[in-house]
Amino acid sequence: MSETLALSRIPLDQYAELLGASEIEELRALAKPLRGRSIEMINSTAVGGGVAEILNRLVPLAEELEINIKWDVMKGGEDFFEVTKSFHNALHGAPYHASPKDFEIFLAYSERNRATLPLDAEFVVIHDPQPTGLIETRPPGANHWVWRCHIDLSHPNRTVWDFLEKFVSRYDCALFSSPEFSRQLPIPQYLFYPAIDPLSEKNCDLDPQFVSQVLGRYQIDPQRTILTQISRFDRLKDPVGVIRAYRIVKRYFDCQLVLAGGSASDDPEGAMVLKEVLREADSDPDIKVLELPAWAPLEVNALQRAATVVIQKSLREGFGLTVSEALWKRKPVVASAVGGIPVQIIHKHTGLLAHSVEGTAYQIRFLLSRPEIATKLGEQGHQHVKENFLITQKLRRYLTLFLTLARGS
Amino acid sequence: MNAAETPFEFVTVSYLTRIGNQSAGTLAELLTGLEHCSDASIFHHTFQTLGSHHFLTDGFSNDFAQWALSDTNRNDLAEQLAALDIRDYVSIAALRSDLCRVVGEYCAAYPNFASQSALERFYFCESVEVTAPLGRNARTLDEFREGIEHLSHSGFYFHFISSRLRLQLRTNDFSHWLADGLGLKSLAQSVDHIDIYTNTLDSARAKLLRLIDREGRKA
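What you see is a predicted model, and the numbers here were worked out from it, not measured in a lab.

**A word on the sheet that holds strand 3 (residues 68-73) of chain A**
Sheet strands pair via backbone hydrogen bonds, and the direction of the pair is either parallel or antiparallel. One open sheet accounts for 9 strands, arranged 1(A)-3(A)-2(A)-4(A)-5(A)-6(A)-7(A)-1(B)-2(B); its pairing is mixed. The two strands at the open ends of the sheet, each matched to only one other strand, are strand 1 (3-4) of chain A together with strand 2 (122-138) of chain B. Sheet topology note: the strand 2 (residues 38-43) of chain A/strand 4 (residues 123-127) of chain A ladder contains 4 bridges and is parallel. When the sheet's bridge partners are listed, A:Ile39 is paired in strand 4 of chain A with A:Phe123. Where helix 8 (residues 153-167) of chain B meets the sheet, it contacts strand 1 (8-24) and strand 2 of chain B, and its direction lies at approximately 85° from that of strand 1 of chain B.

Written out as structure tokens, the structure reads:
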């Protein structure tokens, strides 16, 4: 029923070149009391999505520290995933009419998975709402259970949250990506940031020739200013607002706009948003709307590296890791002050925050007219990511959590 | 070479951020939060934030000042909050008292601003600290230099910044050991004068190593 994933080894020392040998040595020192102790990570998908992407890197790195860690994926049928998708949207605040049948399906799959998953590690980390109900038969005090919530719970649908809260309250602690997302709970709640991997295809250094090739492929002129937003075609990412901001900037600066995201072909809502974007672009040759196949990580990397200014004009955001990706590449970023973005963009220090189309345009104009400030923000943004949003920092945070739980705090 | 009886033991630190139950949407609410939040919360938003944002050397001092600036647009209050130097404090109680005084006086002087809604809320968080020995120690100045050179930012922060509260002295671990362990009082004082607000952890370390090298050349 469930599946334990076997992952390829990632030598931790590869990160020493980027971060310094002392950082890696200190990770080993922190991990020493946890050597040989068991951790089980559980989520509901092995591929696709940010959680699987992070676990794919985090689990092998923890193994490098001699921790006995495994990643299990809970199984569900189509009916289960339909229910949990509705739960997911409802927890984000979307309207939802709960039916008793939905809760029955959720509980039935939780019970089936409990029968097949080991759930006996010293530390069990459950990711997101789908496997939350696995805690139901937890023997009291036997091991430590952690609930990691990757979604924005600031305005959840009451019925769904009330149902899930009964389970969440039985965990030893809950982890959220922003204080705004936390709830009133009887258990400790900690801040845990998502992370990027500096060695992954999306973030590794690129040969400038490859970057030029990518620009050539999409007829983007490297000699002119490039404004870029990388996001799926989703209204919450406000691509139409980005085009409006670009038009204001264009009155003062010659520039091109790149809007790049995953293909919208299998996403009806995405396809509709893409149409709206193309309508707003109105065949402007300086607006490049790019549908990238399966997110093409190397191309995303190249487009971010080629940008003069990176934009993330979301109306709502979980964490917005594309911001960290751009900052890691030392890019000046103008982004909306929503969700986890203000954690990454410390206004006037690691980027500029905006609250409207006009504000976004103004901040872009400011950066284009003050390139020395843009460079400084990009450099400080890089340092901020290095200190706080890399996969190695995430590993360090997990070690600290497990040590804290083990000592009974 | 002069050797200390008690070795300097190098340690690293790691923090979890615990989300508190309080938040503030106005300056008046910030004042209430400051009065009632835990000591771990005051530590988190002043001492710990300085370590995690050490690379910002042009005006970032603590989370309260940054929020006053970016979310309430009160530059004058932000300046006063940023001017509170954690080196002047050996207890969280004293630091809290001054934070409350600055915000309280501002709210009293400008009651309209005190109740004005901020762009984003301020969330009070707490630091939960875990330390780990690095298994390295130093008895001589050379060993000490080598140990400092091989510390990560976290380790350096622990000994150089957060140690002030632990020691309950107006100094840091490095200066304390240089003076007490090796009797190098003048070097200890110079090290303690390195400005932690205008330096990054890297540039502070580089200055410290230069001071040690200069001392070594004297011997």
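**Quick word on the nonpolar core**
Formed by 177 residues in total, the largest nonpolar core has its most connected members in A:Val124, A:Val146, A:Leu227, A:Leu303 and A:Val334. Ignoring any residue separated from it by four or fewer positions in sequence, one finds A:Val146 in contact with A:Phe123, A:Val124, A:Val125, A:Ile126, A:Tyr171, A:Asp172, A:Cys173, A:Leu175 and A:Leu401.

**Section: the domain arrangement of chain A**
With domains assigned, chain A is organised as domain 1 (3-195 + 391-406) and domain 2 (208-388). Each of domain 1 of chain A and domain 2 of chain A has a C-alpha centre, and the two are 30 Å apart.

**Quick notes on the pairing of strand 12 (residues 333-336) of chain A**
Residue and element names in this part refer to chain A. Side-chain alternation along strand 12 places Val333 and Ala335 on one buried face and Val334 and Ser336 on a second face that is also buried. Inspection of the sheet shows strand 11 (residues 309-312) paired to strand 12 by 3 bridges, in the parallel sense. Looking at the pairing, Ile311 lines up with Val334 of strand 12. In terms of handedness, the path from strand 11 via helix 11 (residues 321-328) over to strand 12 forms a crossover that is right-handed. Looking at chain direction, strand 12 and strand 13 (residues 352-354) are connected through 3 bridges and run parallel. Its bridge partner lying in strand 13, Val334 is registered against Leu352.

**Notes on the pairing of strand 4 of chain A**
All names here are of chain A. A large share of strand 4 lies buried, amounting to 5 of its 5 residues. Burial of the side chains of strand 4 extends over both faces: Phe123, Val125 and His127 are buried on one face and Val124 and Ile126 on the other. Where strand 4 lies against strand 5 (residues 144-148), 5 bridges are found, and the strand directions are parallel. Paired with Val124 across the strands is Trp145, a residue of strand 5.

**Considering the domain arrangement of chain B**
Residue and element names in this part refer to chain B. Here chain B is described as being made up of domain 1 (8-13 + 134-218) and domain 2 (14-126). Inter-centroid distance (C-alpha atoms) of domain 1 to domain 2 is 28 Å. Each partner contributes residues to the interface: domain 1 has 17 residues there, and domain 2 has 13 residues. Here the side of domain 1 that touches domain 2 gets 7 residues from one element, more than from any other, and that element is helix 8. Residue composition of the side of domain 1 that touches domain 2, by class: 8 nonpolar, 7 polar and 2 charged.

What counts and how
- Residues numbered from 1 in each chain as written.
- Chains lettered and ligands numbered in written order.
- Predicted model: local features only at pLDDT ≥ 70, side-chain atom pairs only at ≥ 80, totals over all residues.
- Pairing = 2+ DSSP bridges.
- Helix = DSSP H or I, 4+ residues; strand = E, 2+ residues; numbered from the N terminus.
- Contact = placed C-beta atoms within 7 Å.
- Axes fitted to C-alpha atoms, helices over the stretch in contact; angles between N-to-C directions.
- Core = buried A, V, L, I, M, F, W, Y, C linked by C-beta atoms within 7 Å.
- Buried ≥ 20, exposed ≤ 12 C-beta atoms within 10 Å, placed from the backbone.
- Domains from an automatic or database assignment.
- Right-handed = clockwise from strand over helix to strand, strands pointing away.
- Nonpolar A, V, L, I, M, F, W, Y, C, P; charged D, E, K, R; others polar.

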